[in-house]
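What the coordinates show
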Amino acid sequence: MAHLGFFIDANLLVLLVVGRTRPSLINRHRRLKEYSESDYETLVGLLDHGSKIFVTPNTLTETSNLLAYGPTDINSQLFALLKSMIEDSKEVVVLSKVASKVPEFGWLGLTDAVLVGVATRDTPLITADLRLWNAVAIRDPYAVVNFNTLRL
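Description of the structure in this document. Treat the numbers as computed from the prediction; the structure is a model and nothing was measured. (Residues numbered from 1 in each chain as written. Predicted model: local features only at pLDDT ≥ 70, side-chain atom pairs only at ≥ 80, totals over all residues. Heavy atoms only, no water.)

Considerations on the overall build of the protein chain
Cut-off, in case you're wondering: Here a strand is any run of E in DSSP of at least two residues, a helix any run of H or I of at least four, and the numbering for each starts at the N terminus. For a compact globule the rule gives 2.2 Å times the number of residues to the power 0.38, and the radius of gyration it is set against comes from C-alpha atoms. Working definition: with a 1.4 Å probe on protein chains only, accessible area under 20% of the residue-type maximum means buried, over 50% means exposed, and in between means partly exposed. Whether two residues are in contact is decided by their heavy atoms: any pair within 4.5 Å suffices. Accessibility throughout is a Shrake-Rupley quantity obtained with a 1.4 Å probe, and a residue counts as covered only by protein chains that appear here. Positive charges come from Lys and Arg alone, negative charges from Asp and Glu alone, with His and the N- and C-terminal ends not counted. Positions of charges follow a simple convention, taking NZ of Lys, CZ of Arg, CG of Asp or CD of Glu.
Along its length, the protein chain carries 8 helices and 5 strands. Along the protein chain, helices and strands appear, N-terminal first, in the series β-α-α-β-α-α-β-α-α-α-β-α-β. Here the C-alpha atoms of the protein chain give a radius of gyration of 15 Å, agreeing with the 15 Å that 2.2 N^0.38 yields for 152 residues. Taking the principal axes of its C-alpha atoms as reference, the protein chain extends roughly 40 × 30 × 25 Å. The burial tally for the protein chain puts 47% of its 152 residues in the buried class. For the protein chain, the share of sequence-separated contacts (at least 6 apart) that also reach a separation of at least 24 residues comes to 64%. Roughly 7700 Å² of accessible area belongs to the protein chain as shown, and the carbon and sulfur atoms make up 53% of that amount. Side-chain charges in the protein chain split into 15 positive and 16 negative, and the spacing between the mean points of these groups amounts to 5 Å.

Right under this line is the structure:
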């Protein structure tokens, strides 16, 4: 199935930013301890078909906060790449008032509730978060990709 693009959760967006900056930095970033350069390559391979990256302000805020946990000597490079990715992506805004009415808000929180609401078959969500994956998969199993099943 051809997709218009993919939403990416905050943790995988951090992996993408750090990997695009310098893959060897993945193992130095405190928020990426469970990921490897191979995981980065898998994510890039998934996105490599000219896929547009879809983002939400909530995911971008969380990604920005998580990036700051990396080695401080590369923060300016990470944020410069994040800025470039923001400019190249399609940002979808969901009002917090609307997202808080999503039933999953009570146990996923705001950022993930927004992702539950925006993921579709045309713009599926890529996530390694099992709770988030499950919440979207219950609504539509074709609207979400479990990144863990793609990892080597």
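This is not the end of the story, as more comes after the structure.
Things to note about the packing of helix α3 (residues 57-67) against helix α4 (residues 75-88)
For clarity, the cut-off: For helices, the fitted line uses only the C-alpha atoms of the stretch in contact; every axis is such a line through C-alpha atoms, and the angle between N-to-C directions lies from 0 to 180 degrees. For classification purposes, an angle smaller than 35 degrees is called roughly parallel, one larger than 145 roughly antiparallel, one from 65 to 115 roughly perpendicular, and anything else oblique. By convention the crossing between two helices is left-handed if the near helix lies anticlockwise of the far one by an angle smaller than a right angle, and right-handed if it lies clockwise.
At a minimum axis separation of 10 Å, α3 and α4 run at an interaxial angle of 165 degrees. Between α3 and α4, the interaxial angle falls into the category roughly antiparallel. For the crossing formed where α3 meets α4, the hand is right-handed. Where α3 approaches α4, its residues L60, T63, S64 and L67 are matched on the opposing element by N75, L78, F79, L82 and I86.

A short note on the environment of K90
By the element assignment, K90 lies in strand β3 (residues 90-91). Along the chain, K90 and L132 lie 42 residues apart, while their C-alpha atoms are 21 Å from each other.

Here we look at the side chain of H29
Note the threshold: Within 3.5 Å is the distance limit for a polar contact, defined as a pair of N or O atoms, with the added protein rule that one can donate a hydrogen and the other accept it, and that residues adjacent in sequence qualify only through two side-chain atoms.
As for its placement among the helices and strands, H29 is situated in the loop between α1 (10-21) and α2 (37-47). In terms of polar contacts, H29 uses its side chain to reach the backbone carbonyl oxygen of L67, at 3.2 Å. Sequence-distant contacts of H29, defined by excluding residues within four places in its chain, comprise V14, V18, L66, L67, Y69, G70, P71 and L78.

Looking at the packing of α1 against α4
Two elements in contact, α1 and α4, have axes separated by 9 Å at closest approach and are oriented at 115 degrees. On the basis of the axis angle, α1 is roughly perpendicular to α4. Our pair here, α1 against α4, has a crossing hand that is right-handed. Between α1, through L13, L16, V17, V18, R20 and T21, and α4, the contact on the second element is made entirely by Q77, L78, L81, L82 and M85.

Some thoughts on the pattern of salt bridges
Rule in force here: By definition, a salt bridge exists where a carboxyl oxygen of Asp or Glu is found within 4 Å of a side-chain nitrogen of Lys or Arg.
Summed over all chains, the structure comprises 5 salt bridges. Across the pair R28 and D73 runs a salt bridge whose closest N-O atoms are separated by 3.3 Å. Of the two residues, R28 is situated in the loop between α1 and α2 and D73 in the loop between α3 and α4; the sequence distance between them amounts to 45 residues. D73 gets classed as exposed once you look at its relative accessible area, which sits at 53%.

Re helix α7 (residues 110-118)
Extensive coverage of α7 is indicated by the burial of 7 of its 9 residues. Among the residues of α7, those classed as buried are T111, D112, A113, V114, L115, V116 and V118. Those residues of α7 hidden inside the fold are in contact with β1 (5-8), α3, α5 (96-99), α6 (105-108), β4 (125-127) and α8 (130-139).

The quantities given are spatial measurements derived from coordinates; they are silent on function.
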